[in-house]
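Tertiary structure, described
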Amino acid sequence: MTTFIHTSTTTTVFGITKSVPEEEKPILDKLFKFRQSLIQLRKSSRGNVTVSEMNAKSAELTEIVSKLQQVRLSGDSNFMNIVLLSCNRVDNVLDTIWMHMFYLWSKIASIDERVYPTYVSLVTLARTAEALRQSGAFTAADVEPLQQRLRVLDERVAAAEGKFVPAGVVSTGAPLGDRIPHGQAILNSLLSRVHRTIQFMNTENDTVVDELVPLRNELESILKQLDEYQGDDKAALAPISKRLHAIDSNRSPTGQFLHCESEYGHATIAGILNQCFNKLTVLVAKMDPVLPDSPLYSIYRSLLEVHSELSRISTDPSLHGNPFDLSQALEPIQERLTVLEQRRIDGNFVPSEQTASDINEGTAVKLAGQATMHKLLHDCHALITQIVDPISLPVGETLVSTYELLIKQRTRLRQLRSWASTGWDVKRDLMAVEDVLKSVEAGRVGGLFAGDVAIKLAESADFDRVGPVESDYVESSGVPDGQAVISALVDECDSLVWQIGCMLA
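Residues numbered from 1 in each chain as written. Predicted model: local features only at pLDDT ≥ 70, side-chain atom pairs only at ≥ 80, totals over all residues. Heavy atoms only, no water.

1. Quick word on the overall build of the protein
Each helix and strand counted, the protein has 19 helices and 8 strands in total. Taken across its 505 residues, the protein has 42% of its residues classed as buried. Sequence separation of at least 24 residues holds for 76% of the intrachain contacts in the protein that already meet a minimum separation of 6. In the structure as shown, the protein presents an accessible area of about 26,600 Å², 55% of it carried by carbon and sulfur atoms. (Helix = DSSP H or I, 4+ residues; strand = E, 2+ residues; numbered from the N terminus. Buried < 20%, exposed > 50% of the residue type's maximum accessible area, 1.4 Å probe, protein only. Contact = heavy atoms within 4.5 Å. Areas by Shrake-Rupley, 256 points an atom, 1.4 Å probe, with all protein chains shown as cover.)

What follows is the structure, encoded as structure tokens:
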């Protein structure tokens, strides 16, 4: 009798022992990750997904199942016959995945194809509104474009006796009768959700507590000054910059202004403050040009070319309908942007002939035009985010730990900023947080966060032992959701580091 030796892991399910071969364990891990991402999509979208999202998930699942088939067909014949006749844990996980997939496809199938474009518009509007609400920084001006899109949908529904119907049906003037497309309950549920989210933000903007009203008025006055500023003297903007940083520095670690305990008004104040900082950044960049005779001019021109190509891609509808073509168009541009980013040493752009040793020896000179270069680089990253993450999806599973880490660092930086404003020396603590942020930045691939950096920060009060570790996550295909959220957090943390550095200088 011949004995076949096969290494495997046994799992007991409902009292039945089922063997998982070692060859299938990596696939089982992928299926676990895929199922978790599918559950996250179902939860975050409340079951309202689009065809393009499901097509992407189906393609990813097909690749995993194909690999499983290859493993099973290439294994030991006798053992594989046993596996095929008795399901193991891999098959159990696949069954649960198919259940979730069928549920989400059924939600889409319940939408009449004639109103599917309206469904996609509602899903996009609902996610965009929810992302803005969760940002905790918005003004009436930010909410108004969403409200305008909502009014258009409301008018269409009102004109069709409270139903979602194709435009041509209403124009005839005849009774709708049996021409009402199916899927009305889902569409109206989405519409109601958008109404509730926008109403919440409107209430927040209209209900600034008395304690915060003077601060709101001051920031609105500063914003008006910046809008009307026509000068070219950076020194004239210094008092405004100092005041804005003072307002931002006095926020509590949880982001509240003036340590006001009321929940109303903080998002409005934060939204106006962000607008002021954005205006200030643009004005300073205009006053710090890169001249044609500058050693940085070639890098500047390359950044302009990258920005121009990204702008073209962002407005090309033919690419957005085809993820593969979009990826092919973006990849070489992102590679060029990565090369240009590497021309920075200690945060400053330097000519090609300068090296890190020049910086350490003090022979390198910080050249003019840094503000303009960094503003252009930031705009390029913003365009990439807009292209790959146009509707601000929630943070995907592979970026959750990075998101939580950045939230933690932002809270710590706010606390350090508060201490620095009272004269405390927080240089050592600041350097530790900077190390974490550098590790997070190392997770960018062509300007995108491709997966968990899995940085673990020691919980000690002195911020010791900071550093990256290997992640055990098996990357899935596609770009993880939440690029805009992560990029915004990184930018905010970098800004806080810069502010604290100025205080310590």
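2. A look at the environment of I111
Checked against the element boundaries, I111 lands in the loop between α4 (89–109) and α5 (116–135). The exposure class of I111 is buried, given its relative accessible area of 6%.

3. Description of helix α6 (residues 140–159)
Its 20 residues place the ends of α6 27 Å apart at the C-alpha level, agreeing with the 28 Å of an ideal helix rising 1.5 Å per residue. Of the positions making up α6, those classed as buried are V143, L146, L150, L153 and V157. In the segment just after α6, E161 is the residue with positive phi, at about 60°. (Expected span 1.5 Å × (residues − 1).)

4. Points about helix α17 (residues 400–420)
Taking 1.5 Å of rise per residue, the 21 residues of α17 would be expected to cover 30 Å, and the 30 Å separating its terminal C-alpha atoms lies within 8% of that figure. Taken as a whole, α17 has its buried residues at T402, L405, L406, Q409, R410, R412, L413, R414, L416, R417 and A420.

5. Some points on the packing of helix α9 (residues 213–228) against helix α10 (residues 234–249)
For the pair α9 and α10, the least separation of the axes is 12 Å and the interaxial angle reads 150°. Taken together, α9 and α10 sit at an angle that is classed as roughly antiparallel. Regarding α9 and α10, the two cross each other, and that crossing is left-handed. For the pair formed by α9 and α10, the contact residues are L215, E218, L219, I222, Q225 and L226 on the first element and L237, I240, R243, L244 and I247 on the second. Here the residues of the contact of α9 with α10 are counted per class, giving 8 nonpolar, 1 polar and 2 charged. (Axes fitted to C-alpha atoms, helices over the stretch in contact; angles between N-to-C directions. Parallel < 35°, antiparallel > 145°, perpendicular 65-115°, else oblique. Left-handed = near helix turned anticlockwise from the far one by under 90°. Nonpolar A, V, L, I, M, F, W, Y, C, P; charged D, E, K, R; others polar.)

6. What to know about the confidence of the model for the protein
Looking at the protein, pLDDT values average 75 and 77% of them are 70 or higher. The secondary structure element of the protein with the lowest average pLDDT is strand β8 (residues 466–468), at 33, and the one with the highest is α9, at 90. The low-confidence segment residues 1–17, where pLDDT is below 50, has 28 contacts with residues more than four positions distant or belonging to other chains. Taken as a whole, residues 453–477 scores under 50 in pLDDT and shows 45 contacts with residues more than four places along the chain or in a different chain. (pLDDT = per-residue confidence, 0-100.)

7. Focus on the nonpolar core
Grouped together as the largest cluster of nonpolar side chains are 46 residues, with contacts concentrated most on L31, L61, I97, Y119 and M201. Mapped by element, the contributors of at least two residues to this core are α1 (25–44), α2 (51–74), α4, α5, α6 and α8 (184–206). When residues of this core are assigned to their parent elements, the largest contribution, 8 residues, is made by α5. Dropping the residues within four chain positions of it, M201 is found in contact with A129, L132, R133, F138, V143 and L146. Within the second largest apolar cluster, 24 residues are counted, among which are V208, L223, I247 and I269. (Core = buried A, V, L, I, M, F, W, Y, C linked by side-chain atoms within 4.5 Å.)

8. Focus on the pattern of salt bridges
For the coordinates displayed, the defined rule picks out 12 salt bridges. Its salt-bridge partner being R133, residue E130 comes within 2.7 Å of it at the nearest N-O pair. Of this pair, E130 and R133 both sit in helix α5, 3 residues apart, roughly one helical turn. Under the relative-accessibility criterion, R133 is labelled partly exposed at 29%. Where R151 meets E144, a salt bridge forms, and the shortest distance between an N and an O atom there is 3.2 Å. The class for E144 is partly exposed, based on a relative accessible area of 28%. Linked through salt bridges whose partners overlap, the residues forming this network are E305, E309 and R336. (Salt bridge = Lys/Arg side-chain N within 4 Å of Asp/Glu carboxyl O.)

9. Thoughts on the packing of α1 against α4
Relative to each other, α1 and α4 sit at 25°, their axes nearing to 10 Å. Accordingly, the angle class assigned to the pair α1 and α4 is roughly parallel. Considering the relative orientation of α1 and α4, their crossing is left-handed. On α4, the residues touching L28, L31, F32, F34, R35, L38, I39 and R42 of α1 are R89, V90, V93, L94, T96, I97, H100, M101, Y103 and L104. Partitioned by chemical class, the residues of the contact of α1 with α4 number 13 nonpolar, 2 polar and 3 charged.

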